[in-house]
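Examining the three-dimensional arrangement
The chain contents come next:
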Amino acid sequence: MVERCCLAVVRVLVLQAAWALSGGQVRYSVPEEAKAGTVVGRLAQDLGLEAGEAEARRLRLVAPGRRASVEVSGASGALLVSSRLDREELCGKSAPCALRLEVLLERPLRVFHVQLEVTDINDNAPVFPAARKNLSLSENSPPGFPFPLEGASDADIGANAQLTYTLSPSEHFSLDLQKSNDGNIEPELVLTKSLDRETIPVHRLVLTASDGGRPSLSGTMELVIYVLDTNDNRPQFNQSVYKVQLPESAAVGTLLTRVNATDADEGQNSELTYTVTNFIPPSGKDVISINPNTGDILLTGALDFEEAKVFNFRIEASDKGTPPLSGHCKVVLEVLDVNDNAPEVWVTSLSVPVPEDASLGTVVALLSVSDRDSGENGRVRCWVWPASPFGLEATFAGSYSLVLREALDRERVSEYEVEVRAEDGGAPALRASRGLRVPVSDVNDNAPSFAQAVYTVLARENNAAGAELARLWARDPDEAANGRVSYSVWDGGLGLGGGGGAAGSSSGGSGWRPASSYVSVDAESGRLWALQPLDYEELQVLQFEVRAVDAGEPPLSGNATVQLFVLDENDNAPALLPAAGSAAEAGGAAAAEAALALAGAGSESGTLWAWAAWGAPAGQVVAKIRAVDADSGYNAWLRYELWEPRGKGPFRVGLYSGEVSTARALDEADGPRQRLLIVVRDHGEPARSATATLSVSLLEAAEAALAAGSSSSSSSLAAVSRSAAGVELGAGAASAATNVWLVVAICAVSSLFLLAVVLYGASRWAPRAAVLSAPGPTTLVCASEVGSWSYSQRHSRSLCVADGAAKSDLMVFSPNFPPPPPAPAAKDAQPEPSALLDTVSGIAVFAFTIMKSMLIVIGDILIPCLQIDV
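Residues numbered from 1 in each chain as written. Predicted model: local features only at pLDDT ≥ 70, side-chain atom pairs only at ≥ 80, totals over all residues. Heavy atoms only, no water.

So, on to the pattern of salt bridges. Where charged atoms of side chains with opposite charge meet at close range, the side chains can pair. Counted according to the given criterion, the structure contains 23 salt bridges. Between Glu411 and Arg410 there is a salt bridge; the shortest N-O distance is 3.4 Å. The exposure class assigned to Glu411 is buried, which follows from its relative accessible area of 17%. For Arg410, a relative accessible area of 8% gives the class buried. In this structure, the salt-bridge partner of Arg471 is Glu468, at a minimum N-O distance of 3.0 Å. By relative accessible area, Glu468 is classed as partly exposed at 39%. One continuous salt-bridge network, built from bridges that share partners, spans Arg197, Glu198, Asp229 and Glu266. (Salt bridge = Lys/Arg side-chain N within 4 Å of Asp/Glu carboxyl O. Buried < 20%, exposed > 50% of the residue type's maximum accessible area, 1.4 Å probe, protein only.)

Below, the structure written as C-alpha cells:
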C-alpha cells in the first residue's frame, strides 16, 4: 500500500510536469480495482487553482458517453475513484487503457482535458470454454492418435495473459502443446497406449491452464474420455451346464430355469438373443421353449417319466454386433417320477361258474397286476374284497391266482361280486380295482321243505267235488331241475268219523278208506282239492301227508302233515227218539237208525202218551220230550216250544230240557185229555225243526199211579242202555240207581280229563330249542256262533253228554307252533323236539278218543235214568 502511495505521488509530479510541457493537459494513472475514494490526483492544484477556488468556480468533471468511475471532490479539488474500475470491462484487451476526461471551471469558463490511464493487474484467471469436455475415442484407436483441444483464455493482458498448460497423470494419454501462427499455444491430447473399453470404459483427466501473473492464476477443465465399444467380446454364460430337476406332474408354463449370459461389450454388441440349438431326445422340442430376450426356459408340454427321464438342450446366446458373436451352454432336465399312474389289474383267465361243491384251493381266475411308476410308486399290494370266500395267492412277480378259501353254498349266495384291489406305495397312494362276477352253479344238495310241518285246513261239509281246499308250497332252494318240485298224497292218512272209527269209516262201519279217496293234490302247483263232497257226520278229521319230490339226481323229498277239519253245516233237522216201548224191542243200533229215519222223514212224528193226576200241583213234570240232531255245536243245540195250545194252558215245556210240566194245578175243568203240539228247533242258520204231539190223559191219582207202575215194570236196564223212551215217569228206586251211575261217570270223565290236561301241558311246554323263536305260519281263525278260536292245529273229538247218538260238543284245540328248523345231528341219539311233540300229541288224541267212547257208553246207560221225573 505504501508503495502504491509513493507511486501515486510520483505520478502526480510527472503529470504536473507533463501538464506544464503539454500546454494544459493533465495525465493521471490509476490501477484497476482501486478502492472507491482513492485519490487519483490533486486536480485543482495541478490546474493552478488556489485553495477554495475550485469550489467557488464549481470545478467539475465531465465524462461524455461513459461512466467515468472517478469524480472531483468539491472541497479539496482532488480527483477521486468513485466506483469500481475494471480495466477488462473498460478497455478489454486494448493496451494501454486511457480514459479521456473533461474538467469545467466557471467564472470564467475554462475546459481542461484530463487523461486517466487504468493499468492492468492480474485479477483474471485463465478460463476454458467449458468446465467439462466430453470426448469419445474408439477402443481400437492406434497409439499416437492426436485429439485437438480448445485452449483457455485470460482477460488480462501482457504477462498476466501468458498461459501454460499441464495434464493430470495418465498412462494412456499425454499433452502436446502446439504454437499457433498468432503466437498462442494450442494443446493436443495424444493417445500413448491402446484402449480397452471393457477394462476402463471412461477416462477422466484434468487440463490446467496457468497465466504469467504474479501471483499466477490458473483455470482447469475436466476431460471425460469415453472409450467407444467394438464387438470384440463373445457372450459368456455364468454356468456351462445348467441342471434342472422337475417332477413329471409340473404344469405347462412352469419356469424351469433362467439362463444368463453376459457380453463385456456394450450397446448392440451386448444385446443378446437366446435360442435352443439342439434337443436330445428330439421329443424335447415339444417340451420346452426359451424366451429369446430374457433366457427364461418354460415348460410347454407335459412330462412323462415313463417315456423320457432326462432331456439335454444346448442354448446359444448371440449378440447383435457386426459380425455377431455367440456363446453356448448346456441344460440338463431330469424328470422326477411322481405317483401319477394307478396300478392296473388285468384278468388273464376266468373259470366260471364255480360248482358249489368245489374243493378248497380251486383256482377261479388268473390276474396280472402292474404299475408304470418306479420305486415305491411302482410297488403294488393286492387283496380281495370281500375277504371271503375267495383269496389271492401270488404265483410270481405281478401274477396272482384267485382261489377258493371257504366252502360255497349257492342257496345262500348264488353269485359273488368279487373286487380285486391294488394299491401302490406312493404318497398319496393310488388304487385300482377290477370287479369279477363269479356265479355259483347248483348241485342237488337241498331237499324240498314245506313252510309248515303241519298244515291245518278247514273245509265245510257238502262242498262241491273238485273244490280247492288249500295250496301247499314246498321250497327247494336249488335251481332248474334240482329245484323243480312235484307233489303227491301219501296214502297213509288217518281219519276220525262221527262213530269214532278209523279213517273214512262211516257211521255204519264201512271200514278204512285211504286219504286219496277224499282229496288229491296237483303235482305241479300243490293245489289241494276235494275228490268228493265231505260229510261232517261221516268224517270230521282227516290227517294225511303230502310228499314233495324234486327232479334232481338223486331226487330228494320232504313231507308235510295235513290235518283236514270238516266244518259242520246245519244240514240235519232234529229227530225225535221213538217211544220207550219200541226202543225196548229194538237194539241200540235200530234206535239210532230210527232216529235218523225220523230226522230224514220230515218234521212230523207219532203221538206220544202221558198221564197226569187231577189235582197235581203246578210244576210237576208229567213227561219229557227227547230229540237228537246229527249236526254239531249250535246246529245241534235244541230248544223246545209249546206250539198248541197257545195262551194260558195247563201245561208248559222247558225251553232246553224238553220237560212237560204243569203250569198250574189241574182240575176237572181241564177235561179228560189235553193234546199238546211241541216244536223242536235247532240253532243253525237257517234253523231246522221237528214237531211232536203229546196226548196227556187226566186221571184220578190212583189210576195214574197204577199206569206209572205198569209202565216202569215193563222196562229193563238193557233196553234203557240202548234206546231212549219218549216219556218216563220218576220212581224212588230209579233215583238211587241214577246217583250210582252218575258218580261212576263223573270219576271216569275226571280221570280222563286230568290225563288229557297233563299230556297237553307236556306237549305245550316240551323243549323246542329254536322253535319258539322262529316265526309261525299264518294263523287260521275258526269262528262260529258261540265264539272264535285262533289256532291252526285243531283236534275235534265227539263227546256224548245226553241220551242218543254221539255229539261233537267238546272241542279241544292244540296251540299253533311253527315247525322247528333243521338242526345238525347230535352224536348221541336223542329224540328231536318235533318228534317228542308228535308223540305227546298222539297220546293226547288217543286219550280223547277213549274218553269220547266212554262218554258215549255212559250216555247210553244214563239216558234212561235221566228220564225219571224229579
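Right, picking up where we left off after that structure.
For the rest of this paragraph, the subject is the sheet that holds strand S20 (residues 288–290). Strand order in the open sheet formed by three strands is S17-S21-S20, and the pairing between neighbours is antiparallel. Because the sheet does not close on itself, it has two edges, and the strands there are strand S17 (255–258) and S20. Within the sheet, the average angular offset between the axes of one strand and its neighbour, ignoring direction, is 20°. Bridge count for S17 against strand S21 (residues 296–299) is three bridges, and the pairing is antiparallel. Bridging across to S21, Leu255 finds its partner in Leu298. (Pairing = 2+ DSSP bridges. Helix = DSSP H or I, 4+ residues; strand = E, 2+ residues; numbered from the N terminus. Axes fitted to C-alpha atoms, helices over the stretch in contact; angles between N-to-C directions.)

Attention now goes to the sheet that holds strand S25 (residues 354–355). Within the open sheet, the four strands sit side by side as S25-S31-S30-S27. Their pairing is mixed. Edge strands, defined here as strands with exactly one partner in the open sheet, are S25 and strand S27 (380–385). In this structure, S27 lies alongside strand S30 (residues 415–424), joined through six bridges in antiparallel fashion. Across the sheet, Val380 pairs through a bridge with Asp424, a residue of S30.

Below, the discussion takes up a nonpolar patch on the surface. Together, Val347, Leu350 and Val352 give the surface a local cluster of nonpolar side chains, amounting to about 190 Å² of exposed area. Tracing the sequence through the fold places Val347 in strand S24 (residues 344–350). Under the relative-accessibility criterion, Val347 is labelled partly exposed at 31%. (Patch = residues over 30% accessible without salt bridge, like charges linked within 9 Å, V, L, I, M, F, W, Y side chains within 5 Å. Areas by Shrake-Rupley, 256 points an atom, 1.4 Å probe, with all protein chains shown as cover.)

As a further point, take the environment of Lys648. Topologically, Lys648 is positioned in the loop between strand S45 (638–644) and strand S46 (651–653). With 16 residues separating them in the primary sequence, Lys648 and Arg664 have C-alpha atoms 9.6 Å apart.

Before going further, it helps to spend a moment on the packing of aromatic side chains. The geometry of an aromatic ring pair is captured by the separation of the ring centres together with the interplanar angle, meaning the angle of the planes. Within the structure shown, the criterion is met by nine aromatic pairs. Between the aromatic rings of Phe279 and Phe313, the centroid separation amounts to 5.8 Å while the plane-to-plane angle is 85°, which identifies the pairing as edge-to-face. Residue Phe279 is located in strand S19 (residues 272–280), and its partner Phe313 is located in strand S22 (residues 310–319); the two are separated by 34 residues in the primary sequence. Grouping residues by exposure puts Phe279 and Phe313 together as buried. Between Tyr634 and Trp637, the ring centres sit 5.5 Å apart and the planes meet at 65°, which makes this aromatic pair edge-to-face. According to the relative accessible area criterion, Tyr634 is partly exposed, its value standing at 22%. Clustering of aromatic rings is evident, with ring pairs tying together Phe279, Phe311 and Phe313. The ring of Trp346 has Arg434 lying over it, and the distance from NZ or CZ to the ring centre is 5.2 Å. For the cation-ring pair, Arg646 lies above Trp643, with the distance from its terminal atom to the ring centre recorded as 4.0 Å. (Phe/Tyr/Trp six-rings, centres within 6.5 Å; stacked < 30°, edge-to-face > 60°. Lys NZ or Arg CZ within 6 Å of the ring centre and 35° of its normal.)

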